[in-house]
Structure formats: structure tokens, C-alpha cells
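Here are the chains, one letter per residue:
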Amino acid sequence: MTAPIRYLVLVLGDQLAEDASALVDFDPTQDVVWMAEAMQESTHVPSSKQRIAVFLSAMRHFAQTLQGKHWPVDYTELDASGHSGTLQGELARAIATWQPAQLLMTAPGDWRVLQAIKAVAKAHDLPLVLRDDTSFFTTVRDFAAHAKGRKQLRMEYWYREQRQRFGILMEGKQPVGGQWNFDADNRESFGKQGPQNLPAPQRFAPDETTQAVLGVVSRLLADAPGQLQDFAWPVTRAQALQALQDFITHRLPLFGQYEDAMWAGEPWLYHSQLSVCLNLKLLSAHEVVQAAQDAWQTGHAPLAAVEGFVRQILGWREYVRGIYWTQMPGYIELNALDAQEPLPAFFWTGDTDMACLRDALQQTLRHGYAHHIQRLMVLGLYGLLRGVQPQHMHEWFLSVYVDAVEWVELPNTLGMSQFGDGGLMASKPYVASGKYIQRMSNHCQGCRYDPGQSTGPTACPYTTLYWDFLKRHQPLLEKNPRMGMQLKNLQRLTPEQLAQIQAAAQLHRAS
């Protein structure tokens, strides 16, 4: 094909669906697909090797799929000769080559990337056509309409609306089982015996394309955090479908019961690990929810497990996306608790003697993965209690996880985990002492720290920092009715005890 063309169709690394809205009317006789790997996308935050490799491998496999359909694809690899290093630079080069009448794309998930592409389009005086991302159930306009006029935004109300709208786990206008959520049934720990007969999740040996990517990442980004020797993520549509079926068959039935449980040395447990496939768009939210609902209807999985999983996809994931796109660009700057501590250096190494934190960090650096309770109630909790600036926490989470795309990661970190938005997303700060981790895991067995102690040489830093957090933010927290019980417990501490706790917390931060 020769220039000029009708559409230069832009496909980003998290838009890898053959039925993406930008591709539905693709004409290989007059359109070209543009895809580019760019060093800037791996270094604007120090992305982990696993995260970079997931994106690049999935992109290359997707480009091969399109080329297999005899579609023209303009694809730039990371180490291509003369590479500008940025998406903007490579897009400008492609525009000069193909002289398109218009740029066309599915709406990006990242505010920063959208602004960069808009700037290139404007500089070349080209129309940029944006189409809705149909891999979601809802649009950002749907969420904006839901949010309009509400004093508070709460996921539960949004979730119920979507259940009714799409007829998911419904009997007429009522939820199946007579209740909207089964949280109370989904909070079990493994007990002293630990998880029994855990099914090993399906992992995918790197093929020739992935091996080439691993080589490029090792060579060009040797200083990036994390490691690659265990890389086995799904990077194609076929692998994503296998991963979905594997979860539904082997782990969904017990997912709900143990979704909040942790166990040392067990990174996968009963979790789906499908967020990477969903966020790359190798799977759509519709087909994942349908598979879970089918498992309940056939009697394969109990309602509590299926509802808990559906709530994560139909409820939380779409809610978080709505928060991101209705609150940006200002959202990323919020810091309601005025937290100013730097991120501890050991977050990049896992070198800490707090057993729960060490396990979550080392697992993260090894696999690019931690399940949601590790992220919220171990890693996020520590940052919140210590007073780490929420922007530092956001950048770290965006850096290290294979499923991290800003639209989903930023509200989950800054809002839900760090309470940086002052309660826009979460109805209260998710704070707990080391006792919570002791209850939900075996991490405290053999740890040098005692979650029952807040001062002294064996005091658990989580417990020390928990009481210090409540005291530091007491005036703000007293306005929140959901914090009443925790503040009541704070009042039982004597001034002497509080002074010792505050001194211990300050010593911990300094160390």
C-alpha cells in the first residue's frame, strides 16, 4: 500500500482485541494499523522487567495475528534503528510515511497517553477519531451520568445498577439468593492447617516471540526492577481463554471463601490472575462475567464465590475506571492526609524483616504479581500507616505489576489504598493493626515482631504505626462515623502509652 491512506489506526499496548472498536470497519486496502514499542513507556516510571515483557510480548503476538489476516501493520520494535524513544516521535514518523486523512483509535486508558496523541494530531492538523472501548460493560458517560448530583460515590450503588441493567445474577428485579453481596461469606482464613491441595494455575512457557522479548528487555533494560526467569504470563488471545477456563474450572469454586486470605510462599491461591488479560483486552469483561455466571448456573461454583468475583469485574473495575476519567487530571495530585514520607528503599528489594511485607515484596519482584489483599492490606496498608506520599505509592504500584494500567491502578492506590482523595472512593481509610494480618495469614508465625505489641523491641511496626496513624489523624477521622470503634479503642490508651507509641513510630520511620 502507498500513501496517502484513509485511516492510520492506532493500537496501544493495552488494546489488543481483534474486535476493538477501532478495528471493526478496518479496510486493508485503504487503512494501516500503527503500533509502536517505546522506551519512554517503560521508563516514565521504572517499570519492572515482567511488566515490560508482558506488554511487548502481547503486542508482538497481536501484530502477528493482524498480519496473518493480511492487514498492513506499521510496527516499531524497541530496538529499531533510529527509534525516537517515544510514542509521539514514532507516530509523527508514521504520519509522514502514510499521510493519513485521519487518525483513528479506541479511546486510551491513560490520560497522559491521550494528551500526547492529541498533541501529535494537532501538530499535524489531523482529525483524531476516538471510539468507545467496548471491552467494558459501560462507558465513562454512563458513570458520569450515575455520579451527577450525588454527594457521595459508592461502588455498591453503581454495582447494583449494573447488575439490574445487564441482568447479571438477577431474578427479575431482585438479586439471586436474595442479597446483593456475600461479603460476610467471603472472609475466611485458611486456619492453622493452611491451604490444602491448591490447584496450580496454568502457566505459559515463553515461545520464540516471547523469548526474543525477554532478550531485548534483559539487554536494554537490565537495570529495571524485578526478574524474568519465572516469566509465564498469557500473552495471546488463545492463552487468555485457556487461563479463563483454568480459573473457572479449578479455582472459582473456592475463590470467594478465601479471597481475603494469605499464606506465606503461596502467591496464587484461588485468585484468577486474569486482570492482566482483561487490562490488555485479550479478554473482555463481558465474557469473563458470563463464564462465572455460567459456572453458578450449572452448579459448578457457589453463588457467594461467583458474586464476589463478578463484583470485582462488573462493579469495582468499571467503577474505578469511571472515577479515573471523571476526576483526571487533578486526581493524581490529591493528598488529603498530607502524607510526605518517601517510599522506603526496601520496596525495590524486598529486604525487610517484616515477614508479611517481605513475602509480598519478593513475590511482586519475582512475578510482577500480588493478589488484591496483599496489595491493599499489606503493601498499601504499610504505606498508609507510615505516611508515604500517595504519589510515591502510585508510581511504585504502576511500576511493578504486570496488570498495571493507570486508569485502574491510580484510583486503587491513591484512593482506595492510601485515602489520598479524602474519601471520594472509599468510605473510610482501610487501616488495621498487625492483628489483621495475623488473623488472615500465617505470616506472623516465626516473624521477629509480635502483632500484639505496639512498643518495645518486638513490637510489630504495623501495630505501632496503626495507633500512631489514628492519633495523628484523629481530628479528621472523628468526622467519619465508620471510624468510631477504632477511635474508641484509641481513647483507651493512656497519654504515656501514646507518647511511647508515637516515639516508636518516629524511630521506625527514621530507620
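Just above sits the structure.
Residues numbered from 1 in each chain as written. Predicted model: local features only at pLDDT ≥ 70, side-chain atom pairs only at ≥ 80, totals over all residues. Heavy atoms only, no water.

Colleague: Kindly report on the packing of aromatic side chains, identifying the contributing residues and their values.
Modeller: Applying the stated criterion to the full structure yields 27 aromatic pairs. On the basis of an interplanar angle of 80° and a centroid distance of 5.2 Å, the ring pair of F136 and W407 is categorised as edge-to-face. Of the two residues, F136 sits in the loop between β5 (128–131) and α5 (140–147) while W407 sits in helix α16 (residues 406–417), which places them 271 residues apart along the sequence. Each of the two residues, F136 as well as W407, counts as buried. Centroid distance F190 to Y270: 6.5 Å. Interplanar angle 40°. Geometry classified as tilted. Of this pair, F190 sits in the loop between β7 (174–175) and α7 (208–220) while Y270 sits in the loop between α9 (252–255) and α10 (275–280), and the two are 80 residues apart along the sequence. By the burial criterion, F190 is buried, and Y270 matches it. Among the aromatic residues, ring-to-ring pairing joins F346, F347, Y382, W396, F397, Y401 and Y462 into one connected group. The ring centre of F136 lies 3.9 Å from the NZ or CZ of R321, which sits over that ring. (Phe/Tyr/Trp six-rings, centres within 6.5 Å; stacked < 30°, edge-to-face > 60°. Helix = DSSP H or I, 4+ residues; strand = E, 2+ residues; numbered from the N terminus. Buried < 20%, exposed > 50% of the residue type's maximum accessible area, 1.4 Å probe, protein only. Lys NZ or Arg CZ within 6 Å of the ring centre and 35° of its normal.)

Colleague: Tell me what's going on with the packing of helix α11 (residues 285–297) against helix α12 (residues 303–327), and back it up with residues and numbers.
Modeller: Following both chains from N to C, one finds α11 and α12 inclined at 165°, their axes separated by 9 Å at the closest point. It follows from the interaxial angle that α11 and α12 lie roughly antiparallel. When you trace α11 past α12, the crossing you get is left-handed. Side by side, α11 and α12 meet where A285, V288, V289, A292, Q293 and W296 of the first sit next to L303, V306, F309, V310, I313, L314, R317 and E318 of the second. (Axes fitted to C-alpha atoms, helices over the stretch in contact; angles between N-to-C directions. Parallel < 35°, antiparallel > 145°, perpendicular 65-115°, else oblique. Left-handed = near helix turned anticlockwise from the far one by under 90°. Contact = heavy atoms within 4.5 Å.)

Colleague: Give me the lowdown on the pattern of salt bridges, citing residues and values where you can.
Modeller: Per the counting criterion, the structure on display carries 25 salt bridges. Here R375 and D403 are joined by a salt bridge, their closest N and O atoms 3.1 Å apart. You can see R375 sitting in helix α14 (residues 372–386) and its partner D403 sitting in the loop between α15 (390–400) and α16, a full 28 residues away along the chain. On the accessibility criterion, R375 (18% relative accessible area) is buried. Owing to a relative accessible area of 9%, D403 belongs among the buried residues under this scheme. (Salt bridge = Lys/Arg side-chain N within 4 Å of Asp/Glu carboxyl O.)

Colleague: Tell me about the pairing of strand β2 (residues 31–36), and please be specific about residues and values.
Modeller: A large share of β2 lies buried, amounting to six of its six residues. Covered by surrounding structure in β2 are D31, V33 and M35 together with V32, W34 and A36, the residues of both alternating faces. As judged from the four bridges shared by strand β1 (residues 7–10) and β2, these two strands associate in the parallel manner. When the sheet's bridge partners are listed, Y7 is paired in β2 with D31. Examined bridge by bridge, β2 and strand β3 (residues 73–76) share four bridges and lie parallel to one another. Following the sheet pairing, V33 is matched in β3 by V73. (Pairing = 2+ DSSP bridges.)

Colleague: Describe the state of the cysteines, and please don't skip the residues or the numbers.
Modeller: All chains considered together, the criterion is met by zero disulfides. Residue C356 stays outside any disulfide, its sulfur separated by 6.4 Å from that of C444, the closest cysteine. (Disulfide = S-S within 2.5 Å.)

Colleague: Could you give me a rundown of the nonpolar core, with the residues and numbers involved?
Modeller: Core analysis: the biggest nonpolar cluster contains 147 residues, and L252, F347, L357 and Y462 have the highest contact counts within it. It is α12 that provides the largest number of residues to this core, a total of 12 residues. With residues near it in sequence (within four places) discarded, L252 still touches F247, A292, A295, A301, A305, V306 and F309. With 20 residues, the next largest nonpolar core counts L8, V32, L91 and V120 among its residues. (Core = buried A, V, L, I, M, F, W, Y, C linked by side-chain atoms within 4.5 Å.)

Colleague: Could you give me a rundown of the sheet that holds strand β4 (residues 102–106), with the residues and numbers involved?
Modeller: Whether parallel or antiparallel, the strands of a sheet pair through hydrogen bonds between backbone atoms. Strand order in the open sheet made by the five strands is β3-β2-β1-β4-β5, with parallel pairing throughout. Unpaired on one side and paired on the other, β3 and β5 mark the two borders of the sheet. If you compare each strand with its neighbour and ignore which way they point, the axes differ by 25° on average. With four bridges joining them, β1 and β4 adopt parallel strand pairing. Pairing of L8 across the sheet is with L103, part of β4. The sheet contacts of helix α3 (residues 87–98) involve β1, β2, β3 and β4, and relative to β2 the element is tilted by about 155°. Against the sheet, helix α4 (residues 111–123) touches β1, β4 and β5, its axis set at about 150° to β5.

Interpretation note: all reported values are geometric properties and have no functional meaning in isolation.
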